[in-house]
Amino acid sequence: MDQILNNSFQPLSTTAAQYKEQYQSAAPFPNIYFDNFFDPSFLSKVLKEFPDLSQGKNASYNSPTEIKLASKGAERFSSSALQLANFLNSEHFLRFLQELTGIEEALIPDPYFEGGGYHEIKPGGFLKIHADFNKHRLSKLDRRINVLVYLNKDWEESYGGHFELWDEDMKTCRVRIAPLFNRLAIFSTTSNSYHGHPDPLTCPADRSRRSFALYYYTNGRPAAEVKAFEAAHGTLFKARQGMEGDEKMKQFTRTAGFIKNITPPFLFHLIRKIFIKD
């Protein structure tokens, strides 16, 4: 079995103890990132085996809220990506997340990779600022943590594609993270943990922004968060204040919300297919 972790992050328990205060006190909500977290030779295999997400059974999003590609389930995972997923869903890594985040409820990985797995954004693509869906579609568990592994070698600042974390009032970007190869980003998810890659990607035509994402759940969540999560909701997109580029997105989400409220569920899902091709 290939070595997965970079030696400098072994044992993980030491890293969790060292950085838990930084993570839990971070603004605008708990978050952190680590560079060179994985063995670079192993992660290079994951990148080399990254599939063409424009082909086959994948999810293609094309709307004013997002233009991106994503895998569906683990069917397209290469051998190295499956090895990475197994490690990130292992007891070893779950205990690391538990200690780092301070979440007391038992963390549960997602064997269905609902929304997780390979993600890719091509030139011109984006993912507007949003808070994630709060309940797993199948298990109904509460979503608590996102883990993002970036796979972009020789990524230049001018390409854009930065991962942004925004204040609840959507006035200020508090954290901006370049999607560099072997960078691991972790953050806690609530109904107001607003994040995304909101501006169109400007990398060359032969490049794309690639990542591998996993999400973690608990059976219930703290009382302080429960009210905001009383009802299951999907992705909540939010416009940045004073940003003209978000006006089209605001209009789209208002229209989509109105249509959803007046349209029978089966018909709404047919309309949704226009924007999300499975």
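First, a word on what this report is: a plain description of the structure on this page. (Residues numbered from 1 in each chain as written. Predicted model: local features only at pLDDT ≥ 70, side-chain atom pairs only at ≥ 80, totals over all residues. Heavy atoms only, no water.)

**Description of helix α2 (residues 40–48)**
Quick reminder of the rule: Relative accessibility decides the category of a residue: with a 1.4 Å probe and only protein chains considered, values under 20% of the type maximum give buried, values over 50% give exposed, and everything between is partly exposed. Helix and strand definitions here come from DSSP, where helices need a minimum of 4 consecutive H or I residues and strands a minimum of 2 consecutive E residues; each element is numbered from the N-terminal end. It is the directions from the helix axis to the C-beta atoms that the arc portrays. Throughout, a residue-residue contact means that at least one pair of heavy atoms, one from each residue, lies within 4.5 Å. Whenever two N or O atoms come within 3.5 Å, that pair is a polar contact, provided that in protein one can donate a hydrogen and the other can accept it, and provided that, for residues adjacent in sequence, both atoms are side-chain atoms.
Burial in α2 covers these residues: Phe42, Leu43, Val46 and Leu47. An end-on view of α2 places all buried positions within 145° of arc, on one side of the element. Exposed side of α2, more than 90 degrees from the buried face: Ser41 and Lys48 are the residues found there. Of the surrounding secondary structure, the elements contacted by the buried residues of α2 are α3 (79–88), β7 (142–150) and β12 (209–218). Sitting at the amino-terminal end of α2 is Asp39, which places a side-chain oxygen 3.2 Å from the backbone nitrogen of Ser41.

**Focus on helix α4 (residues 91–101)**
Every buried residue of α4 is listed here: Phe93, Leu94, Phe96, Leu97, Leu100 and Thr101. Take α4 and look down its axis: the buried residues cluster within an arc of 155°, on one side only. Of the residues in α4, the exposed ones pointing more than 90 degrees away from the buried face are Glu91 and Arg95.

**Looking at the pairing of β12**
Let me state the cut-off plainly: Any two strands are treated as partners once DSSP identifies two or more bridges connecting them.
Along β12, nine of the ten residues are buried, which leaves the element largely enclosed by surrounding structure. In the sheet, strand β4 (residues 108–109) pairs with β12 via two bridges, with the strands oriented antiparallel. Each residue of the ladder has a partner; that of Ile108, found in β12, is Tyr217. Pairing geometry for β7 and β12, over eight bridges, is antiparallel.

**Looking at the packing of α2 against α3**
Filter applied, for reference: Only the stretch in contact is used when a helix axis is fitted, and all axes are lines through C-alpha atoms; the angle between N-to-C directions ranges over 0 to 180 degrees. What sets the label is the angle itself: under 35 degrees gives roughly parallel, over 145 gives roughly antiparallel, 65 to 115 gives roughly perpendicular, and the rest give oblique. The crossing is said to be left-handed when, going from far helix to near helix, the turn is anticlockwise and less than a right angle, and right-handed when the turn is clockwise. Only Asp, Glu, Lys and Arg are considered charged in this grouping, and only Ala, Val, Leu, Ile, Met, Phe, Trp, Tyr, Cys and Pro are considered nonpolar; every other residue, Gly among them, is considered polar.
Where α2 contacts α3, the axes come no closer than 7 Å and their chain directions differ by 125°. It follows from the interaxial angle that α2 and α3 lie oblique. Crossing hand, α2 versus α3: left-handed. Across the interface between the two elements, Phe42, Leu43, Lys45 and Val46 from α2 touch Ser80, Ala81, Gln83 and Leu84 from α3. Residue composition of the contact of α2 with α3, grouped by class: five nonpolar, two polar and one charged.

**Regarding the packing of helix α1 (residues 12–24) against α4**
Remark: α1 packs on α4, axes separated minimally by 7 Å, with the N-to-C direction vectors making an angle of 35°. Once α1 is placed against α4, the crossing between them reads as right-handed. Across the interface between the two elements, Leu12, Thr15, Ala16, Ala17, Tyr19, Lys20, Tyr23 and Gln24 of α1 pack against His92, Phe93, Phe96, Glu99, Leu100 and Thr101 of α4. Split into classes, the residues belonging to the contact of α1 with α4 amount to eight nonpolar, four polar and two charged.

**Overview of the environment of Ala231**
Note that Ala231 resides in the loop between α5 (223–226) and β13 (236–237). Overall, Ala231 belongs to the exposed group, its relative accessible area being 52%. When the C-alpha atoms of Ala231 and Lys135 are compared, they prove to be 8.9 Å apart, with 96 residues separating the residues in sequence.

**Let's talk about the nonpolar core**
Rules: Joining through side-chain atoms within 4.5 Å is the link that ties buried Ala, Val, Leu, Ile, Met, Phe, Trp, Tyr and Cys residues into a set, and such a set is a nonpolar core.
By size, the foremost hydrophobic cluster in this structure holds 42 residues, and its most contacted members are Phe37, Phe38, Phe93, Phe96, Ile186 and Tyr216. Contributions of two or more residues to this core are made by α1, β1 (31–35), α2, α3, α4, β7, β10 (183–188) and β12. Core analysis: the second largest hydrophobic core is formed by 14 residues, Phe133, Leu141, Ala185 and Phe187 among them.

**Topic: the packing of aromatic side chains**
The description of an aromatic ring pair uses the distance of the two centres, along with the angle that the planes make with each other. Quick reminder of the rule: We call Phe, Tyr and Trp rings a pair once their centres come within 6.5 Å, taking the six-membered ring for Trp, and we label the pair stacked below 30 degrees between planes, edge-to-face above 60, and tilted otherwise. For a ring to carry a charge above it, either NZ of a lysine or CZ of an arginine must fall within 6 Å of the ring centroid while also lying within 35 degrees of the normal to the ring plane.
What the rule picks out here adds up to 19 aromatic pairs. Measuring from ring centre to ring centre gives 6.1 Å for Phe29 and Phe187, while their planes differ by 55°; the resulting arrangement is tilted. Residue Phe29 is found in the loop between α1 and β1, and its partner Phe187 is found in strand β10; the two are separated by 158 residues along the sequence. A relative accessible area of 1% places Phe187 in the buried class. Taking 5.4 Å as the distance between ring centres and 40° as the angle between the ring planes, the aromatic pair formed by Phe163 and Phe187 counts as tilted. In this pair, Phe163 is assigned in strand β8 (residues 163–166) and Phe187 in strand β10, connecting sequence segments 24 residues apart. A connected cluster of aromatic rings, assembled from ring pairs, spans Phe9, Tyr19, Phe34, Phe37, Phe38, Phe87, Phe93, Phe96 and Tyr216. Note that Arg143 overlies the ring of Phe133, its terminal NZ or CZ placed 4.3 Å from the centroid. Across the ring face of Phe181, the terminal group of Lys153 is positioned such that the distance to the ring centre comes to 4.9 Å.

**Remarks on unusual backbone geometry**
Note that the residue after Gln10, namely Pro11, is joined by a cis bond; omega there is -5°. Positionally, Pro11 belongs in the segment before α1. Of note, the amide linkage connecting Ala27 to Pro28 takes the cis form, showing an omega dihedral of 5°. Counting through the fold element by element, Pro28 comes out in the loop between α1 and β1. Here Lys140, not a glycine, exhibits a phi torsion of approximately 65°, which is positive. Inspection of the secondary structure puts Lys140 in the loop between β6 (126–131) and β7. Look at Lys140 and you get exposed, because its relative accessible area is 55%. Backbone geometry at Asn182 places phi at a positive 65°, although glycine is not the residue there.

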